[in-house]
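So you can see what is in the structure, the chains are spelled out below.
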Amino acid sequence: EIMAAGESELKMLCYLYGVSRLLSKPLNIIITGPSSSGKTYTRDRVVSLFPPEAVYTMTDATQNAFYYLEKTELMHRIVCSGERLKDATDANADKTRALREMVSTGVLRKTLPQKDASGVMRTVTIECYGPIAFSESTTSQDIEPEDANRCIVFGTDESEGQTVRCMTASDDEDENEGVSDRVAG
């Protein structure tokens, strides 16, 4: 049993997402739910079952960060992002454009001017290859349509039964005896 109370459907989805990294079109997920509902915790518990070299974890990334990774650094990896930015501004949409492109096509290409060894400016193309299995979490129910149509959007279990499962899992016999009974009653 993965050390995350309840959330059996979310745990299964996260496991499938992780295994799918090896496919040509992996799954990508956005986990929604209120603050402290176990979105990232549950995903991270499941992802910890995979070899560390299969996982790329980040809290945030700049607009161009993915273009400058080694060409194969993300290939067939699980990419775990932190909490999604809350405002859906054009600037934030630009920040995630490279990520959307990687999720959609499995490759990033950026053409830019660069000085060669002799100091002459040349146009070069830098590339980073996927595919990736991408996930992030958010408290927002308002997900940018361009992102939502590339991902499975899945919410945490906010039922009373899930609250009881969480309380029972943390019910320490010495300090919290009977907590789950008080919550259930």
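Residues numbered from 1 in each chain as written. Predicted model: local features only at pLDDT ≥ 70, side-chain atom pairs only at ≥ 80, totals over all residues. Heavy atoms only, no water.

Visitor: Would you mind going over the overall build of the protein chain with me for this structure?
Guide: The number of helices and strands found in the protein chain is seven helices and seven strands. The N-to-C order of helical and strand elements in the protein chain reads α-β-α-β-β-α-α-β-β-β-α-β-α-α. Buried residues in the protein chain amount to 38% of all 185 residues. When contacts within the protein chain are restricted to residue pairs at least 6 apart in sequence, those whose partners lie at least 24 apart make up 71%. Put simply, the protein chain shows about 10,700 Å² of open surface, and 52% of that area lies on carbon and sulfur atoms. (Helix = DSSP H or I, 4+ residues; strand = E, 2+ residues; numbered from the N terminus. Buried < 20%, exposed > 50% of the residue type's maximum accessible area, 1.4 Å probe, protein only. Contact = heavy atoms within 4.5 Å. Areas by Shrake-Rupley, 256 points an atom, 1.4 Å probe, with all protein chains shown as cover.)

Visitor: Looking at this structure, I do not really get the packing of aromatic side chains. What am I missing?
Guide: By convention here, two paired aromatic rings are described through the distance between centres and the angle between planes. Per the stated rule, a full pass over the model turns up one aromatic pair. Over the ring of Tyr41 we find Arg45; its NZ or CZ atom is 5.5 Å from the centre of that ring. Sitting over the face of the ring of Tyr67, Lys110 holds its NZ or CZ atom 4.5 Å from the ring centroid. (Phe/Tyr/Trp six-rings, centres within 6.5 Å; stacked < 30°, edge-to-face > 60°. Lys NZ or Arg CZ within 6 Å of the ring centre and 35° of its normal.)

Visitor: Just to check I follow, could you spell out a nonpolar patch on the surface for this structure?
Guide: On the surface, Tyr15, Val19 and Leu49 cluster together to form a nonpolar patch covering roughly 280 Å² of accessible area. Looking at the element boundaries, Tyr15 is found in helix α1 (residues 8-19). (Patch = residues over 30% accessible without salt bridge, like charges linked within 9 Å, V, L, I, M, F, W, Y side chains within 5 Å. Salt bridge = Lys/Arg side-chain N within 4 Å of Asp/Glu carboxyl O.)

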